[in-house]
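Structural description and commentary
Now for the letters of each chain:
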Amino acid sequence: MKILLLSLAFLVPSLRAAENFIVILADDLGYGDLGCYGSGTIKTPNLDRLATEGRKFTDCLVPSSLCSPSRAGLLTACYPKRVGLQKGVLFPLSKIGLNPAEFTIADYFKSLDYATACIGKWHLGHLPEVLPRANGFDYYYGIPYSNDMNHPDNSNRVDRIADESWLHQDEWVKKWNTPLIKNEEIIELPVNQRTITRRYTDKAIDFVRENKAKPFFLYLPHSMPHVPLFVPEDATDPDPKNAYKAVVEHLDKEIGRLVDEIRSLGLSERTWIIFTSDNGPAIHLGHHGGLALPLRGGKGASFEGGQRVPLIVWAPGRVPAGTSTNNLITTIDLLPSLASLSGEALPDENLIDGMDLSHLLTAEDGPSRTEFLYYGPQGDLEGIRKGDWKLRKTTRDGLMLFNLAEDIRERKNLAKTHPEMIADLTARMKELDAEVTAGARPVWTKGG
């Protein structure tokens, strides 16, 4: 599982140096919340078109069911435990963050003289020493943590998510004192969350236009549809039961606006767009949260609903249109895969857990990922995936064994009838976790 950054770079032929890459990350979007993933109520024509013109993955896992650890994994190609960010999410009083000594996906592209930008929710440390520009990005515009957190100490935080916040958005948007930051400076407090999705798109379009003549890497981690839910006046729905639907449809429209700009600038043939989510939906919030159907569970759980997410890859002429795959892939595989596609090897100083699966993006033959570790919301080891089999063990639910090829809903616990499989998977899980633990690197700590 521990793979040197350089190890599989030879598998896919290199592409032109001018390839652009855009990674779009939704926040708390469920597996079943897009039309192309089976939603019968939420209309997402722009993302559906990306899937029709590109490639859809039905078995994409994230390294955590919570925001901060999952984002750390995506950016570093590591299990969050390896980079010290496996325990829960970061808050306005947190004194830790993503260590600038880590080699992020932005560091990689910056080393190739790409323009790099992070536009959206960061959630890997709010202090200047660990904001995006300390981790490989030239430019940052966004919120430093979740949109339900308050600057400076999270006091007077509104924890109650109710229909009133949707019915009276102009009034309720002021109840969360979340800052908007440009580079390292707070430029708006509180951020107007009604317009932030649109403003992220505006800034993303500006960045693309400014760098259309040179290669660029854009990381666009949207704040929505994490609660509290807000949209502009022209995108609202008077019925609060449609709040989540309206937010996702607005997000889809804004993504479509960015893709239209890529097309109009003539950049489609040399731009890759990767869309995914940081974790599963907050199903406990009812119509203020999403759905992971047909999966079990949601955000905060190591059931598939908490960690299996949509993944769409679009690159006209390089990704076969209208294809899909059920091969296992994870967001920690994105960095080595995109590096392979760019044609430049990654440095081998830091050990990572991600694999080069670029051949899956282009529908070519090559080795597949067969194993993956599941960690709980507080970083505890909870399970392992090996092929179609999944072992899960928690204090609350006990020992569980599923064959996901036959039981994607995780309803039939086979633990009692497969003792040898339990023993084999348990041993392998502990072996892999021991490797990650032994190779763990320090998280950045203020004053540390």
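This text follows the structure it describes.
Residues numbered from 1 in each chain as written. Predicted model: local features only at pLDDT ≥ 70, side-chain atom pairs only at ≥ 80, totals over all residues. Heavy atoms only, no water.

Some remarks on helix H7 (residues 243-264)
A rise of 1.5 Å per residue sets the reference length of H7, with its 22 residues, at 32 Å; its end C-alpha atoms lie 32 Å apart and thus fit the reference within 8%. Just downstream of H7, glycine 266 is the residue with a positive phi angle, here 75 degrees. (Helix = DSSP H or I, 4+ residues; strand = E, 2+ residues; numbered from the N terminus. Expected span 1.5 Å × (residues − 1).)

A short note on the sheet that holds strand S17 (residues 389-394)
One key point about sheets: their strands pair by backbone hydrogen bonds, in either a parallel or an antiparallel sense. One open sheet accounts for 4 strands, arranged S15-S16-S17-S18; its pairing is antiparallel. Of all strands in the sheet, those bounded by a partner on one side alone are strand S15 (371-375) and strand S18 (398-403). On average, each strand axis in the sheet is inclined to that of its neighbour by 15 degrees, with strand direction left out of account. Where S15 meets strand S16 (residues 381-386), 5 bridges bridge the pair, whose relative direction is antiparallel. Bridge pairing in S16 places tyrosine 375 opposite leucine 381. Of the strands in this sheet, S15, S16, S17 and S18 touch helix H11 (residues 419-438), which is tilted by about 115 degrees from S16. (Pairing = 2+ DSSP bridges. Axes fitted to C-alpha atoms, helices over the stretch in contact; angles between N-to-C directions. Contact = heavy atoms within 4.5 Å.)

A few points about the nonpolar core
In terms of nonpolar packing, the biggest core is built from 56 residues, with Ile119, Leu218, Phe275 and Ile312 touching the most fellow members. Residue contributions to this core peak at 10 residues, all from H7. Ignoring anything within four residues of it in the chain, the contact list for isoleucine 119 reads Tyr139, Tyr141, Tyr200, Lys203, Ala204, Phe207, Leu218, Tyr219, Leu220 and Pro221. By size, the runner-up hydrophobic cluster in this structure holds 49 residues, among which are Phe109, Ile181, Val313 and Leu346. (Core = buried A, V, L, I, M, F, W, Y, C linked by side-chain atoms within 4.5 Å. Buried < 20%, exposed > 50% of the residue type's maximum accessible area, 1.4 Å probe, protein only.)

Brief notes about the pairing of strand S2 (residues 20-26)
Within S2, 7 of the 7 residues are buried, which leaves the element mostly enclosed by the surrounding structure. Side chains of S2 alternate between two faces, with Asn20, Ile22, Ile24 and Ala26 and Phe21, Val23 and Leu25 buried alike. Two strands pair when backbone bridges link them, and S2 and strand S9 (residues 216-221) are joined in this way by 5 bridges, in the parallel orientation. Its bridge partner being in S9, phenylalanine 21 is matched across the sheet by phenylalanine 217.

Regarding the layout of surface pockets
The space that makes up the largest pocket amounts to roughly 420 Å³. If you trace the largest pocket, you find 22 residues lining it, with Asp148, Arg157, His226, His284 and Lys299 closest to the centre. For the lining of the largest pocket, the per-class residue count stands at 11 nonpolar, 6 polar and 5 charged. By volume, the second largest pocket is sized at about 300 Å³. As for the second largest pocket, its lining consists of 19 residues, of which Asp33, Thr41, Ile42, Tyr244 and Leu291 are closest to the centre. For the lining of the second largest pocket, the per-class residue count stands at 6 nonpolar, 10 polar and 3 charged. (1 Å grid on protein atoms, 1.4 Å probe; cavity = no way out; pocket = protein on both sides within 12 Å on 5 of 7 lines; lining within 4 Å. Points joined across faces, edges and corners; volume = space filled by probe spheres on them. Nonpolar A, V, L, I, M, F, W, Y, C, P; charged D, E, K, R; others polar.)

With respect to the pattern of salt bridges
Scanning the entire structure with this criterion turns up 33 salt bridges. Two residues, glutamate 53 and arginine 49, come together in a salt bridge whose shortest N-O distance is 2.6 Å. Separated by 4 residues within a single helix, glutamate 53 and arginine 49 lie in helix H1 (residues 45-53), roughly one turn from each other. The exposure class of glutamate 53 is partly exposed, given its relative accessible area of 24%. Salt-bridge contacts for aspartate 138 lead to lysine 110; the nearest nitrogen and oxygen are separated by 2.2 Å. With a gap of 28 residues between them, aspartate 138 in the loop between strand S5 (115-119) and strand S6 (139-142) and lysine 110 in helix H3 (residues 105-111) connect regions that are remote in the sequence. (Salt bridge = Lys/Arg side-chain N within 4 Å of Asp/Glu carboxyl O.)

Observations concerning H11
An α-helical turn contains 3.6 residues, so a residue and the one three or four places further along point in the same direction. The first and last C-alpha atoms of H11 sit 29 Å apart over 20 residues, in line with the 28 Å expected at 1.5 Å per residue. Taken together, the buried positions of H11 are occupied by Ile422, Leu425, Arg428, Met429, Leu432, Asp433 and Val436. Axial view of H11: buried residues confined to an arc of 145 degrees, hence all on one face. Exposed side chains of H11 directed beyond 90 degrees from the buried face belong to Pro419, Glu420, Asp424, Lys430 and Ala438. The inward-facing, buried residues of H11 abut S15, S16, S17 and S18. (Arc of directions from axis to C-beta.)

Read these as layout, nothing more, since geometry by itself doesn't imply function.
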